[in-house]
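Structural description and commentary
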Amino acid sequence: MALACLVAFLLVTWYSNSPLVAPGNRMFGWEYGFVAESLVRGRGFSDPFGVPSGPTAWMPPAPVALVAAEFLLFGVRTPYALWCALTLKCIGLAASVYLLLGCLAEGRRYRWRYAAAVAFVAVMGALPDFFLDLHDIWLVVLVALALVRCFVPLLDGRREVPIAMLLVVSVLAPMTSPALVPPFFALWGWVLFRTWRRRREKRDAGLSSDAASPLRLASGSLALCLGAVFAWSAVTVSRVGLVAPVKTNMWYDFFQANVLEGDGVLRVSTFYRYHPIHSAAVRERYVLEGEKTFMDWHRKQSITFLRREPWQFLARVARRASNALIFLRPTDDVWEVDTDELDEGDVACLAAAGVIALDRHQSTPDAPLYVWTNLSDSAERLGQDLAWLGPLEADAILEQWRRAAGHVAKLHRSAGTWLRGFGLAGLPSLALLLGLTDRGVRRDSIFRVSALVYLSFLAPYVLISHYSRYQMFMLGVQALLVPFGFVAGWRNCQRIAGRAT
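Below: a short report on this structure. Just so it is clear, the model here is predicted, and its values are computed rather than measured.

**Things to note about the packing of aromatic side chains**
Following the criterion strictly, the structure yields 24 aromatic pairs and no others. Ring geometry for Phe-45 against Trp-232: centres 5.0 Å apart, planes inclined by 75 degrees, an arrangement best described as edge-to-face. Taken together, the residues span a long stretch of sequence, with Phe-45 in the loop between helix 3 (31–40) and helix 4 (61–74) and Trp-232 in helix 11 (residues 212–239) at a distance of 187 residues. Side by side, Phe-45 and Trp-232 carry an identical accessibility label, which is buried. Considering the side-chain rings of Phe-151 and Phe-184, the 6.1 Å spacing of their centres and the 90 degrees angle between planes classify their relative orientation as edge-to-face. Of the two residues, Phe-151 sits in helix 8 (residues 137–156) while Phe-184 sits in helix 10 (residues 181–204), which places them 33 residues apart along the sequence. We classify Phe-184 as buried; its relative accessible area is 1%. Members of the aromatic cluster, each reached through a chain of ring pairs, are Phe-271, Phe-457, Tyr-461, Tyr-467, Tyr-470 and Phe-473. Lying over the aromatic face of Trp-297, Arg-285 brings its terminal NZ or CZ to 4.2 Å of the ring centre.

**As for the pattern of salt bridges**
Summed over all chains, the structure comprises 14 salt bridges. As a salt-bridge pair, Glu-289 and Arg-285 come within 3.1 Å of each other at their nearest N and O atoms. On the criterion of helical spacing, the pair formed by Glu-289 and Arg-285 is a turn pair, its members being 4 residues apart in helix 14 (residues 280–289). For Arg-285, a relative accessible area of 25% corresponds to the partly exposed category.

**Observations concerning the nonpolar core**
In terms of nonpolar packing, the biggest core is built from 79 residues, with Phe-151, Trp-188 and Phe-457 touching the most fellow members. When residues in this core are grouped by element, the largest group, 17 residues, is from helix 8. Those residues in contact with Phe-457, other than ones at most four positions away along the chain, are Val-140, Ser-177, Ala-179, Leu-180, Pro-183, Tyr-470, Phe-473 and Met-474.

**Side note on the sheet that holds strand 1 (residues 335–336)**
Taken in spatial order, the 3 strands make up an open sheet running 1-3-2, and their pairing is antiparallel. Of all strands in the sheet, those with a lone pairing partner are strand 1 and strand 2 (356–358), marking the two edges. As defined by bridge partners, strand 2 adjoins strand 3 (residues 370–372) across 3 bridges and the pair is classed as antiparallel. The residue of strand 3 that forms the bridge with Ala-357 is Val-371.

**Here's the deal with unusual backbone geometry**
Here Arg-77, not a glycine, exhibits a phi torsion of approximately 60 degrees, which is positive. Since its relative accessible area comes to 17%, Arg-77 is described here as buried. Its identity is not glycine, yet Val-246 carries a phi of approximately 75 degrees, on the positive side. Along the chain, Val-246 turns up in the loop between helix 11 and helix 12 (250–260).

**Concerning empty space enclosed by the protein**
Considering all chains together, one arrives at 1 cavity of 30 Å³ or more under this definition. Considering only enclosed or pocket space, the largest cavity measures out at about 120 Å³ in volume. What lines the largest cavity is a set of 13 residues, and nearest its centre among them are Pro-63, Val-67, Leu-134, His-135 and Trp-138. At the level of secondary structure, the elements contributing two or more residues to the lining of the largest cavity comprise helix 4, helix 5 (79–103) and helix 8. Tallied by class, the residues present in the lining of the largest cavity amount to 9 nonpolar, 1 polar and 3 charged.

Rules used in this analysis
Residues numbered from 1 in each chain as written. Predicted model: local features only at pLDDT ≥ 70, side-chain atom pairs only at ≥ 80, totals over all residues. Heavy atoms only, no water. Phe/Tyr/Trp six-rings, centres within 6.5 Å; stacked < 30°, edge-to-face > 60°. Helix = DSSP H or I, 4+ residues; strand = E, 2+ residues; numbered from the N terminus. Buried < 20%, exposed > 50% of the residue type's maximum accessible area, 1.4 Å probe, protein only. Lys NZ or Arg CZ within 6 Å of the ring centre and 35° of its normal. Salt bridge = Lys/Arg side-chain N within 4 Å of Asp/Glu carboxyl O. Core = buried A, V, L, I, M, F, W, Y, C linked by side-chain atoms within 4.5 Å. Contact = heavy atoms within 4.5 Å. Pairing = 2+ DSSP bridges. 1 Å grid on protein atoms, 1.4 Å probe; cavity = no way out; pocket = protein on both sides within 12 Å on 5 of 7 lines; lining within 4 Å. Points joined across faces, edges and corners; volume = space filled by probe spheres on them. Nonpolar A, V, L, I, M, F, W, Y, C, P; charged D, E, K, R; others polar.

In C-alpha coordinates form, the structure reads like this:
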(Lines give C-alpha, C1' and ligand atoms only; values in the text may rest on other atoms or scores of the structure.)
Protein backbone atom coordinates (compact mmCIF):
# COMPACT_ATOMS: atom_id res chain seq x y z
CA MET A 1 0.00 0.00 0.00
CA ALA A 2 2.77 2.45 0.93
CA LEU A 3 4.61 1.60 -2.31
CA ALA A 4 1.47 2.23 -4.33
CA CYS A 5 1.06 5.56 -2.55
CA LEU A 6 4.67 6.46 -3.37
CA VAL A 7 3.99 5.88 -7.07
CA ALA A 8 0.78 7.92 -6.86
CA PHE A 9 2.54 10.80 -5.11
CA LEU A 10 5.33 10.78 -7.70
CA LEU A 11 2.83 10.88 -10.57
CA VAL A 12 0.82 13.71 -9.03
CA THR A 13 4.01 15.61 -8.25
CA TRP A 14 5.32 15.23 -11.78
CA TYR A 15 2.02 16.39 -13.25
CA SER A 16 1.63 19.38 -10.96
CA ASN A 17 5.23 20.59 -10.94
CA SER A 18 6.61 19.85 -14.39
CA PRO A 19 5.80 23.38 -15.71
CA LEU A 20 7.55 24.92 -12.70
CA VAL A 21 11.00 23.37 -12.97
CA ALA A 22 12.67 26.50 -14.36
CA PRO A 23 11.59 29.15 -11.80
CA GLY A 24 13.05 27.30 -8.81
CA ASN A 25 12.67 30.00 -6.14
CA ARG A 26 9.12 29.20 -5.11
CA MET A 27 9.75 25.49 -5.30
CA PHE A 28 12.48 25.60 -2.69
CA GLY A 29 10.39 26.78 0.22
CA TRP A 30 11.21 30.48 0.22
CA GLU A 31 13.17 31.10 3.45
CA TYR A 32 14.28 27.45 3.63
CA GLY A 33 15.84 27.66 0.19
CA PHE A 34 17.57 30.98 0.83
CA VAL A 35 19.12 29.84 4.13
CA ALA A 36 20.15 26.51 2.57
CA GLU A 37 21.79 28.40 -0.29
CA SER A 38 23.72 30.52 2.23
CA LEU A 39 24.90 27.35 3.98
CA VAL A 40 26.11 25.78 0.75
CA ARG A 41 27.89 28.95 -0.36
CA GLY A 42 29.78 29.18 2.93
CA ARG A 43 27.90 32.06 4.58
CA GLY A 44 26.49 29.94 7.40
CA PHE A 45 22.91 29.83 8.65
CA SER A 46 21.95 33.30 7.36
CA ASP A 47 20.14 35.45 4.79
CA PRO A 48 16.56 34.09 5.01
CA PHE A 49 15.16 36.48 2.39
CA GLY A 50 17.65 36.16 -0.43
CA VAL A 51 19.71 39.26 0.36
CA PRO A 52 22.77 39.56 2.64
CA SER A 53 21.36 40.17 6.12
CA GLY A 54 23.55 38.23 8.53
CA PRO A 55 22.94 35.29 10.89
CA THR A 56 19.39 34.08 11.42
CA ALA A 57 17.23 31.61 13.30
CA TRP A 58 14.05 32.50 11.41
CA MET A 59 13.68 28.89 10.24
CA PRO A 60 14.13 25.59 12.14
CA PRO A 61 17.32 23.73 11.18
CA ALA A 62 16.04 20.31 10.05
CA PRO A 63 14.15 21.35 6.86
CA VAL A 64 16.97 23.76 5.96
CA ALA A 65 19.54 20.97 6.36
CA LEU A 66 17.57 18.73 3.98
CA VAL A 67 17.46 21.41 1.27
CA ALA A 68 21.16 22.20 1.82
CA ALA A 69 22.02 18.52 1.33
CA GLU A 70 20.09 18.51 -1.94
CA PHE A 71 21.96 21.62 -3.10
CA LEU A 72 25.30 20.04 -2.18
CA LEU A 73 24.53 16.89 -4.15
CA PHE A 74 22.88 18.37 -7.25
CA GLY A 75 23.72 22.08 -7.31
CA VAL A 76 21.94 25.17 -6.01
CA ARG A 77 18.41 25.47 -7.44
CA THR A 78 19.10 23.17 -10.38
CA PRO A 79 16.35 21.00 -11.92
CA TYR A 80 18.17 17.94 -10.53
CA ALA A 81 18.04 19.37 -6.99
CA LEU A 82 14.37 20.19 -7.53
CA TRP A 83 13.43 16.66 -8.54
CA CYS A 84 15.55 15.21 -5.74
CA ALA A 85 13.58 17.35 -3.26
CA LEU A 86 10.23 16.40 -4.79
CA THR A 87 11.12 12.70 -4.76
CA LEU A 88 12.24 12.94 -1.14
CA LYS A 89 8.93 14.59 -0.28
CA CYS A 90 7.02 11.76 -1.95
CA ILE A 91 9.10 9.16 -0.10
CA GLY A 92 8.29 10.98 3.15
CA LEU A 93 4.58 10.93 2.35
CA ALA A 94 4.76 7.21 1.48
CA ALA A 95 6.49 6.65 4.84
CA SER A 96 3.62 8.57 6.44
CA VAL A 97 1.17 6.13 4.84
CA TYR A 98 3.27 3.25 6.15
CA LEU A 99 3.10 4.67 9.69
CA LEU A 100 -0.63 5.24 9.29
CA LEU A 101 -1.13 1.61 8.31
CA GLY A 102 1.06 0.47 11.20
CA CYS A 103 -0.99 2.45 13.71
CA LEU A 104 -4.22 0.79 12.51
CA ALA A 105 -2.81 -2.72 12.12
CA GLU A 106 -4.29 -4.37 15.22
CA GLY A 107 -7.69 -5.70 16.23
CA ARG A 108 -10.81 -4.16 14.77
CA ARG A 109 -8.88 -1.12 13.57
CA TYR A 110 -7.43 -3.34 10.83
CA ARG A 111 -10.73 -3.25 8.95
CA TRP A 112 -10.58 0.45 8.14
CA ARG A 113 -6.85 1.06 7.86
CA TYR A 114 -6.79 0.99 4.04
CA ALA A 115 -9.78 3.31 3.91
CA ALA A 116 -7.88 5.76 6.13
CA ALA A 117 -4.78 5.49 3.91
CA VAL A 118 -6.79 6.05 0.72
CA ALA A 119 -8.52 9.06 2.32
CA PHE A 120 -5.13 10.49 3.32
CA VAL A 121 -3.79 10.13 -0.24
CA ALA A 122 -7.00 11.61 -1.69
CA VAL A 123 -6.76 14.67 0.54
CA MET A 124 -3.14 15.17 -0.51
CA GLY A 125 -4.15 15.03 -4.17
CA ALA A 126 -7.02 17.48 -3.57
CA LEU A 127 -4.64 20.15 -2.21
CA PRO A 128 -2.68 21.36 -5.25
CA ASP A 129 -0.73 23.92 -3.22
CA PHE A 130 0.70 21.04 -1.23
CA PHE A 131 2.49 19.79 -4.35
CA LEU A 132 3.45 23.22 -5.68
CA ASP A 133 6.18 24.01 -3.16
CA LEU A 134 8.72 22.35 -0.94
CA HIS A 135 7.76 23.76 2.42
CA ASP A 136 8.11 21.64 5.54
CA ILE A 137 4.51 20.35 5.62
CA TRP A 138 5.37 16.81 4.53
CA LEU A 139 8.15 16.52 7.12
CA VAL A 140 5.92 17.67 10.00
CA VAL A 141 3.18 15.26 8.84
CA LEU A 142 5.72 12.42 8.94
CA VAL A 143 7.15 13.31 12.38
CA ALA A 144 3.67 13.76 13.90
CA LEU A 145 2.63 10.29 12.73
CA ALA A 146 5.91 8.88 14.03
CA LEU A 147 5.05 10.34 17.45
CA VAL A 148 1.74 8.49 17.43
CA ARG A 149 3.38 5.26 16.27
CA CYS A 150 6.04 5.42 19.02
CA PHE A 151 3.86 6.39 21.97
CA VAL A 152 0.88 4.06 21.53
CA PRO A 153 2.79 0.93 22.69
CA LEU A 154 4.38 2.99 25.47
CA LEU A 155 0.96 4.09 26.69
CA ASP A 156 -0.32 0.50 26.56
CA GLY A 157 2.72 -0.78 28.50
CA ARG A 158 3.78 -3.08 25.65
CA ARG A 159 7.41 -4.03 25.01
CA GLU A 160 7.43 -3.74 21.20
CA VAL A 161 8.31 -0.04 21.23
CA PRO A 162 10.19 1.20 18.11
CA ILE A 163 13.08 2.52 20.21
CA ALA A 164 15.29 3.63 17.32
CA MET A 165 12.43 5.60 15.76
CA LEU A 166 11.60 7.17 19.11
CA LEU A 167 15.18 8.34 19.70
CA VAL A 168 15.40 9.80 16.19
CA VAL A 169 12.07 11.58 16.66
CA SER A 170 13.27 12.95 20.01
CA VAL A 171 15.87 14.99 18.15
CA LEU A 172 14.03 15.53 14.86
CA ALA A 173 10.74 16.81 16.33
CA PRO A 174 12.06 20.02 17.98
CA MET A 175 14.45 20.67 15.09
CA THR A 176 11.57 20.37 12.58
CA SER A 177 8.92 22.48 14.31
CA PRO A 178 8.73 24.01 17.81
CA ALA A 179 5.00 23.15 17.79
CA LEU A 180 5.92 19.45 17.98
CA VAL A 181 7.56 19.98 21.38
CA PRO A 182 4.28 20.38 23.39
CA PRO A 183 2.86 17.05 22.08
CA PHE A 184 6.19 15.34 22.76
CA PHE A 185 6.33 16.43 26.40
CA ALA A 186 2.60 15.91 26.94
CA LEU A 187 2.89 12.33 25.68
CA TRP A 188 5.87 11.56 27.90
CA GLY A 189 4.06 13.06 30.89
CA TRP A 190 1.08 10.83 30.22
CA VAL A 191 3.25 7.72 29.76
CA LEU A 192 5.17 8.36 32.98
CA PHE A 193 1.94 8.96 34.90
CA ARG A 194 0.47 5.69 33.57
CA THR A 195 3.69 3.85 34.44
CA TRP A 196 3.64 5.21 37.98
CA ARG A 197 -0.03 4.28 38.42
CA ARG A 198 0.49 0.73 37.14
CA ARG A 199 3.48 0.32 39.43
CA ARG A 200 1.46 1.48 42.43
CA GLU A 201 -1.47 -0.83 41.58
CA LYS A 202 0.88 -3.83 41.32
CA ARG A 203 2.60 -2.91 44.56
CA ASP A 204 -0.76 -2.63 46.34
CA ALA A 205 -1.68 -6.06 44.97
CA GLY A 206 1.60 -7.56 46.16
CA LEU A 207 2.91 -8.13 42.63
CA SER A 208 6.36 -7.33 41.30
CA SER A 209 6.68 -4.34 38.95
CA ASP A 210 9.36 -3.39 36.47
CA ALA A 211 9.14 0.30 35.65
CA ALA A 212 12.85 0.72 35.02
CA SER A 213 12.62 0.18 31.25
CA PRO A 214 10.14 3.03 30.45
CA LEU A 215 11.93 5.31 32.90
CA ARG A 216 15.29 4.70 31.22
CA LEU A 217 13.76 5.23 27.81
CA ALA A 218 12.04 8.40 28.99
CA SER A 219 15.24 9.83 30.45
CA GLY A 220 17.17 9.12 27.23
CA SER A 221 14.45 10.47 24.95
CA LEU A 222 13.85 13.62 26.99
CA ALA A 223 17.58 14.23 27.30
CA LEU A 224 17.97 14.06 23.52
CA CYS A 225 15.07 16.43 22.94
CA LEU A 226 16.18 18.97 25.55
CA GLY A 227 19.79 18.66 24.43
CA ALA A 228 18.82 19.45 20.84
CA VAL A 229 16.71 22.44 21.90
CA PHE A 230 19.35 23.88 24.24
CA ALA A 231 22.18 23.27 21.77
CA TRP A 232 20.41 25.07 18.92
CA SER A 233 19.23 27.82 21.28
CA ALA A 234 22.85 28.33 22.36
CA VAL A 235 23.85 28.68 18.70
CA THR A 236 21.04 31.20 18.23
CA VAL A 237 22.16 33.26 21.22
CA SER A 238 25.79 33.27 20.14
CA ARG A 239 25.12 34.17 16.49
CA VAL A 240 21.89 36.20 16.54
CA GLY A 241 21.86 37.47 20.12
CA LEU A 242 18.31 36.31 20.83
CA VAL A 243 17.12 33.81 23.43
CA ALA A 244 14.53 31.71 21.60
CA PRO A 245 13.61 28.01 21.45
CA VAL A 246 14.59 26.83 17.94
CA LYS A 247 13.06 29.81 16.05
CA THR A 248 13.20 33.55 16.68
CA ASN A 249 10.14 34.82 14.81
CA MET A 250 7.40 34.01 17.34
CA TRP A 251 6.72 37.64 18.24
CA TYR A 252 6.77 38.67 14.60
CA ASP A 253 4.10 36.06 13.81
CA PHE A 254 2.14 37.26 16.85
CA PHE A 255 2.37 40.86 15.63
CA GLN A 256 1.10 39.95 12.17
CA ALA A 257 -1.89 37.97 13.40
CA ASN A 258 -2.94 40.13 16.36
CA VAL A 259 -1.88 43.70 15.62
CA LEU A 260 -2.13 43.82 11.83
CA GLU A 261 -5.19 41.56 11.43
CA GLY A 262 -8.51 42.73 12.82
CA ASP A 263 -9.89 39.23 13.41
CA GLY A 264 -6.64 37.42 14.26
CA VAL A 265 -6.48 35.14 11.18
CA LEU A 266 -3.64 35.78 8.76
CA ARG A 267 -4.49 36.63 5.16
CA VAL A 268 -2.23 36.24 2.15
CA SER A 269 -2.40 39.98 1.49
CA THR A 270 -0.83 40.62 4.90
CA PHE A 271 2.19 38.58 3.84
CA TYR A 272 2.55 40.60 0.65
CA ARG A 273 2.26 43.89 2.49
CA TYR A 274 4.26 43.29 5.67
CA HIS A 275 6.42 40.17 5.36
CA PRO A 276 10.12 40.61 4.43
CA ILE A 277 9.88 37.81 1.89
CA HIS A 278 7.57 39.99 -0.26
CA SER A 279 7.72 43.59 0.96
CA ALA A 280 10.87 45.40 -0.19
CA ALA A 281 10.42 48.09 2.48
CA VAL A 282 10.12 45.60 5.36
CA ARG A 283 12.99 43.55 3.96
CA GLU A 284 15.18 46.65 3.78
CA ARG A 285 14.33 47.44 7.38
CA TYR A 286 15.16 43.88 8.45
CA VAL A 287 18.55 44.06 6.72
CA LEU A 288 19.31 47.50 8.15
CA GLU A 289 18.34 46.63 11.75
CA GLY A 290 19.40 42.99 11.89
CA GLU A 291 17.27 40.15 13.17
CA LYS A 292 17.70 40.94 16.88
CA THR A 293 16.57 44.58 16.67
CA PHE A 294 13.82 43.69 14.20
CA MET A 295 12.41 41.01 16.51
CA ASP A 296 12.82 43.11 19.66
CA TRP A 297 10.69 45.86 18.13
CA HIS A 298 7.90 43.43 17.24
CA ARG A 299 8.07 41.87 20.70
CA LYS A 300 7.65 45.29 22.36
CA GLN A 301 4.77 46.23 20.06
CA SER A 302 3.05 42.89 20.72
CA ILE A 303 3.40 43.21 24.50
CA THR A 304 2.03 46.76 24.30
CA PHE A 305 -0.97 45.41 22.40
CA LEU A 306 -1.53 42.68 25.00
CA ARG A 307 -1.51 45.20 27.83
CA ARG A 308 -3.70 47.71 26.02
CA GLU A 309 -6.20 45.31 24.41
CA PRO A 310 -6.41 42.05 26.44
CA TRP A 311 -10.03 41.44 25.47
CA GLN A 312 -9.28 42.01 21.80
CA PHE A 313 -6.52 39.44 22.06
CA LEU A 314 -8.90 36.90 23.60
CA ALA A 315 -11.39 37.59 20.81
CA ARG A 316 -8.68 36.91 18.25
CA VAL A 317 -7.76 33.66 20.06
CA ALA A 318 -11.41 32.59 19.89
CA ARG A 319 -11.50 33.39 16.18
CA ARG A 320 -8.34 31.36 15.57
CA ALA A 321 -9.78 28.48 17.60
CA SER A 322 -12.83 28.56 15.35
CA ASN A 323 -10.54 28.65 12.33
CA ALA A 324 -8.60 25.60 13.54
CA LEU A 325 -11.46 23.51 14.93
CA ILE A 326 -14.68 24.46 13.11
CA PHE A 327 -14.14 26.03 9.70
CA LEU A 328 -10.82 26.90 8.06
CA ARG A 329 -11.47 30.28 6.49
CA PRO A 330 -10.06 30.89 3.00
CA THR A 331 -7.29 33.46 3.24
CA ASP A 332 -6.23 33.71 -0.42
CA ASP A 333 -7.32 37.33 -0.98
CA VAL A 334 -4.85 38.35 -3.71
CA TRP A 335 -5.22 38.18 -7.49
CA GLU A 336 -2.85 38.70 -10.40
CA VAL A 337 -2.68 42.20 -11.91
CA ASP A 338 -2.99 42.42 -15.68
CA THR A 339 -0.26 45.00 -16.19
CA ASP A 340 -0.93 45.14 -19.96
CA GLU A 341 -4.19 46.96 -19.21
CA LEU A 342 -2.51 49.61 -17.03
CA ASP A 343 -0.07 52.40 -17.68
CA GLU A 344 3.50 51.52 -16.75
CA GLY A 345 3.82 54.58 -14.54
CA ASP A 346 0.55 53.72 -12.77
CA VAL A 347 1.86 50.23 -12.05
CA ALA A 348 5.01 51.66 -10.45
CA CYS A 349 2.94 54.15 -8.42
CA LEU A 350 0.50 51.47 -7.19
CA ALA A 351 3.41 49.21 -6.22
CA ALA A 352 5.12 52.03 -4.30
CA ALA A 353 1.87 52.73 -2.44
CA GLY A 354 1.34 49.06 -1.53
CA VAL A 355 -1.91 48.70 -3.48
CA ILE A 356 -0.22 45.99 -5.55
CA ALA A 357 2.88 43.94 -4.74
CA LEU A 358 5.52 42.14 -6.76
CA ASP A 359 5.53 38.36 -6.36
CA ARG A 360 9.26 37.72 -6.07
CA HIS A 361 8.93 33.96 -6.49
CA GLN A 362 6.88 33.84 -9.68
CA SER A 363 8.41 36.84 -11.42
CA THR A 364 11.26 36.98 -13.88
CA PRO A 365 13.23 40.08 -14.96
CA ASP A 366 11.38 40.05 -18.27
CA ALA A 367 7.94 39.26 -16.88
CA PRO A 368 7.27 40.75 -13.43
CA LEU A 369 4.11 39.44 -11.78
CA TYR A 370 2.12 41.79 -9.54
CA VAL A 371 -0.88 40.93 -7.34
CA TRP A 372 -3.61 43.05 -5.81
CA THR A 373 -3.19 43.24 -2.04
CA ASN A 374 -6.26 45.29 -1.06
CA LEU A 375 -9.15 43.21 -2.39
CA SER A 376 -10.63 43.03 1.12
CA ASP A 377 -11.10 46.83 1.07
CA SER A 378 -14.13 48.58 -0.36
CA ALA A 379 -14.24 50.27 -3.77
CA GLU A 380 -14.78 53.59 -1.99
CA ARG A 381 -11.59 53.11 0.01
CA LEU A 382 -9.63 52.30 -3.16
CA GLY A 383 -11.08 55.40 -4.84
CA GLN A 384 -9.87 57.54 -1.94
CA ASP A 385 -6.41 55.99 -2.19
CA LEU A 386 -6.25 56.63 -5.92
CA ALA A 387 -7.33 60.25 -5.46
CA TRP A 388 -4.59 60.70 -2.86
CA LEU A 389 -1.95 59.12 -5.12
CA GLY A 390 -2.45 61.71 -7.85
CA PRO A 391 -3.16 61.70 -11.60
CA LEU A 392 -3.71 58.02 -12.40
CA GLU A 393 -6.01 56.30 -14.88
CA ALA A 394 -8.46 55.63 -12.06
CA ASP A 395 -11.25 54.15 -14.19
CA ALA A 396 -9.03 51.43 -15.69
CA ILE A 397 -7.59 50.63 -12.28
CA LEU A 398 -11.00 50.44 -10.60
CA GLU A 399 -12.41 48.26 -13.37
CA GLN A 400 -9.62 45.70 -13.13
CA TRP A 401 -9.73 45.82 -9.31
CA ARG A 402 -13.47 45.03 -9.35
CA ARG A 403 -12.91 42.04 -11.65
CA ALA A 404 -10.15 40.73 -9.38
CA ALA A 405 -12.30 41.21 -6.27
CA GLY A 406 -15.13 39.35 -8.01
CA HIS A 407 -12.84 36.42 -8.82
CA VAL A 408 -11.70 36.19 -5.19
CA ALA A 409 -15.25 36.44 -3.86
CA LYS A 410 -16.39 33.70 -6.25
CA LEU A 411 -13.48 31.51 -5.16
CA HIS A 412 -14.38 31.99 -1.49
CA ARG A 413 -18.03 31.09 -2.14
CA SER A 414 -17.28 27.96 -4.16
CA ALA A 415 -18.36 24.53 -2.95
CA GLY A 416 -14.77 23.30 -3.04
CA THR A 417 -13.65 26.07 -0.70
CA TRP A 418 -16.41 25.31 1.80
CA LEU A 419 -15.74 21.57 1.60
CA ARG A 420 -12.02 22.16 2.14
CA GLY A 421 -12.67 24.51 5.07
CA PHE A 422 -14.90 22.02 6.85
CA GLY A 423 -12.85 18.97 5.92
CA LEU A 424 -9.59 20.35 7.34
CA ALA A 425 -11.06 21.79 10.56
CA GLY A 426 -14.66 20.81 11.34
CA LEU A 427 -14.55 17.15 10.29
CA PRO A 428 -11.62 16.18 12.58
CA SER A 429 -13.26 18.04 15.47
CA LEU A 430 -16.56 16.29 14.82
CA ALA A 431 -14.72 12.94 14.74
CA LEU A 432 -13.02 13.81 18.02
CA LEU A 433 -16.34 14.67 19.70
CA LEU A 434 -18.06 11.55 18.35
CA GLY A 435 -15.15 9.42 19.55
CA LEU A 436 -15.53 10.79 23.06
CA THR A 437 -19.17 9.65 23.12
CA ASP A 438 -18.28 5.99 22.54
CA ARG A 439 -16.62 4.08 25.39
CA GLY A 440 -14.74 1.68 23.14
CA VAL A 441 -13.31 4.44 20.95
CA ARG A 442 -12.65 6.70 23.92
CA ARG A 443 -10.46 4.03 25.54
CA ASP A 444 -8.52 3.22 22.37
CA SER A 445 -4.86 4.23 22.68
CA ILE A 446 -4.55 5.27 19.03
CA PHE A 447 -7.50 7.62 19.43
CA ARG A 448 -6.19 9.04 22.69
CA VAL A 449 -2.66 9.66 21.45
CA SER A 450 -3.88 11.12 18.15
CA ALA A 451 -6.26 13.47 19.96
CA LEU A 452 -3.53 14.63 22.33
CA VAL A 453 -1.05 15.25 19.48
CA TYR A 454 -3.70 17.06 17.43
CA LEU A 455 -4.90 19.44 20.14
CA SER A 456 -1.53 20.15 21.76
CA PHE A 457 0.06 20.84 18.37
CA LEU A 458 -2.63 23.34 17.35
CA ALA A 459 -2.71 25.09 20.75
CA PRO A 460 0.38 27.32 20.17
CA TYR A 461 -0.93 28.36 16.76
CA VAL A 462 -4.31 29.25 18.22
CA LEU A 463 -2.57 31.44 20.81
CA ILE A 464 -0.09 33.07 18.42
CA SER A 465 -1.02 32.83 14.73
CA HIS A 466 -2.99 30.43 12.55
CA TYR A 467 -3.86 29.96 8.90
CA SER A 468 -4.28 27.10 6.43
CA ARG A 469 -0.61 26.04 6.14
CA TYR A 470 -0.39 25.37 9.88
CA GLN A 471 -3.56 23.28 9.74
CA MET A 472 -2.13 21.04 7.03
CA PHE A 473 0.67 19.94 9.37
CA MET A 474 -1.89 17.67 11.04
CA LEU A 475 -3.25 15.95 7.93
CA GLY A 476 -1.78 12.58 8.92
CA VAL A 477 -3.15 12.73 12.46
CA GLN A 478 -6.53 13.81 11.08
CA ALA A 479 -6.51 10.69 8.89
CA LEU A 480 -6.23 8.67 12.12
CA LEU A 481 -8.95 10.56 13.99
CA VAL A 482 -11.65 10.65 11.31
CA PRO A 483 -12.14 6.82 11.03
CA PHE A 484 -12.66 6.65 14.80
CA GLY A 485 -15.34 9.32 14.46
CA PHE A 486 -17.12 7.34 11.75
CA VAL A 487 -17.00 4.18 13.90
CA ALA A 488 -18.32 6.03 16.94
CA GLY A 489 -21.08 7.64 14.87
CA TRP A 490 -22.09 4.27 13.41
CA ARG A 491 -22.25 2.70 16.86
CA ASN A 492 -24.31 5.59 18.21
CA CYS A 493 -26.74 5.22 15.31
CA GLN A 494 -27.03 1.49 16.05
CA ARG A 495 -27.75 2.21 19.72
CA ILE A 496 -30.40 4.79 18.86
CA ALA A 497 -32.02 2.41 16.37
CA GLY A 498 -31.95 -0.40 18.96
CA ARG A 499 -33.67 1.78 21.55
CA ALA A 500 -36.26 2.87 18.99
CA THR A 501 -37.16 -0.73 18.14
